[in-house]
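# Structural overview
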Amino acid sequence: MSGLFIGLVTHPLSQFPGSRGSHGLMGQLADELSALGMEISTYCEDRDLADSIEELTAQELAHSRDYLLQVQRDWASYISHDSKSLRLHQWVARMRRAVEPQSSRAARRLLNIELAHLEIMTASLATGADFTLIIEDDAHCPDIQALAGDLHDLMMRTEAPYMSHVSTSFSPEQLGIDSLVSGEESRWSNGGHEFRLLRPVTNTVCATMYRQDFLLNLHQRWRAEKLVPVIPVDWRLNALLMDMYATGDLPKGYATVVFPSPIIQRSLHS
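First, a word on what this report is: a plain description of the structure on this page.

Rules used in this analysis
Residues numbered from 1 in each chain as written. Predicted model: local features only at pLDDT ≥ 70, side-chain atom pairs only at ≥ 80, totals over all residues. Heavy atoms only, no water. Pairing = 2+ DSSP bridges. Helix = DSSP H or I, 4+ residues; strand = E, 2+ residues; numbered from the N terminus. Axes fitted to C-alpha atoms, helices over the stretch in contact; angles between N-to-C directions. Buried < 20%, exposed > 50% of the residue type's maximum accessible area, 1.4 Å probe, protein only. Polar contact = N/O pair within 3.5 Å; in protein donor to acceptor, adjacent residues only side chain to side chain. Parallel < 35°, antiparallel > 145°, perpendicular 65-115°, else oblique. Left-handed = near helix turned anticlockwise from the far one by under 90°. Contact = heavy atoms within 4.5 Å. Nonpolar A, V, L, I, M, F, W, Y, C, P; charged D, E, K, R; others polar.

### Side note on the sheet that holds strand β4 (residues 139-140)
The three strands lie next to each other as β4-β11-β6, forming an open sheet whose pairing is mixed. Edge positions in the sheet fall to β4 and β6 (167-168), since each of these pairs with one other strand and no more. Here two bridges tie β6 to strand β11 (residues 263-265), and the two strands are oriented parallel to one another. Its bridge partner being in β11, Thr 168 is matched across the sheet by Ile 264.

If you want it as structure tokens, here you go:
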């Protein structure tokens, strides 16, 4: 198919059970985009995909935490961030036992989220969709009709971004990526600014749009990754993006971030 594939990451014990129904963001957005003449396919990933994976040992948990700290240090360099302040932040996080994962149960939760994203990518690529929008179940939009129009316009551009973050999670300043903003690409219906980025980064993965050619390469690389060490999915994506940038394997075009975005991450902004 051409058009858009929308995938929802959720779980049977989710705090947001309404996300998977017809009144959830995925269902309503699919209806609005279909009304605009787009071919839409949807997929809900709500299985416990990490259930059969053995519990991590204490050594594997420690290795996972050390790996996350290393990815964060690499990322600070990648975005030209102050490494001294990052190391202080990491030290405080260690003291507060805030570096994930702290337990085998937490590692299993992180793995389940990561595997859900991968399953949605696999399902989308099998359809041949031009674009894939992956949303997590805490994604909320107060004006879905306007969002549909903005996404439609993005996909209809002569040169659409190969990746765009469309959830309000953190501002570019809060993320420390304001030095990567190269200019405004478009203004969205909610007043949000869509900024071009000099290098791709994540703004969490609550709502991310992927172009097919980029997703194909990203998916292949991600599938080749080992599941352990275990880190949060947004940091896994950051690690892959840094590697793709370093090896020159990014597609032609640009990545963008919309802020403030029409999609709100409820787990951060309740």
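### Describing the sheet that holds strand β8 (residues 193-197)
In space, the eight strands of this open sheet follow the order β2-β1-β3-β9-β5-β10-β8-β7, with mixed pairing throughout. Lying at the two open borders of the sheet, with one neighbouring strand each, are β2 (40-45) and β7 (181-187). Averaged over neighbouring strand pairs, the angle between their axes works out to 20° when direction is ignored. Here strand β1 (residues 4-9) pairs with β2 via six bridges, running parallel. Residue pairing in the sheet places Val 9 in a bridge with Glu 45 of β2.

### What to know about the environment of Gln 174
Take Gln 174: it is sitting in helix α6 (residues 172-175). Gln 174 sits in the exposed class, given a relative accessible area of 58%. A polar contact is formed between the side chain of Gln 174 and the backbone nitrogen of Ser 171, at a distance of 2.8 Å.

### A closer look at the side chain of Glu 114
Looking at where Glu 114 falls in the secondary structure, it is placed in helix α4 (residues 104-127). Of note is the side chain of Glu 114, whose polar atom sits 3.0 Å from the side chain of Arg 236.

### Observations regarding the packing of helix α1 (residues 25-35) against helix α5 (residues 144-155)
Running from N to C, α1 and α5 cross one another at 60°; their axes reach a closest spacing of 9 Å. Classed by the angle they form, the pair α1 and α5 counts as oblique. Along this stretch, α1 crosses α5, giving a crossing that reads as right-handed. Contacts between α1 and α5 involve Leu 25, Gln 28, Leu 29, Glu 32 and Leu 33 from the former and Ile 144, Gln 145, Leu 147, Ala 148, Leu 151 and His 152 from the latter. For the contact of α1 with α5, the class distribution of residues is seven nonpolar, three polar and one charged.

### Focus: the packing of α4 against helix α7 (residues 212-224)
At a minimum axis distance of 10 Å, the contact between α4 and α7 shows a crossing angle of 135°. Accordingly, the angle class assigned to the pair α4 and α7 is oblique. Regarding α4 and α7, the two cross each other, and that crossing is left-handed. Residue-level inspection shows Glu 114, Leu 118, Glu 119, Met 121, Thr 122, Ser 124 and Leu 125 of α4 in contact with α7, the latter providing Gln 212, Leu 215, Leu 216, Leu 218, His 219, Trp 222 and Arg 223. For the contact of α4 with α7, the class distribution of residues is seven nonpolar, four polar and three charged.

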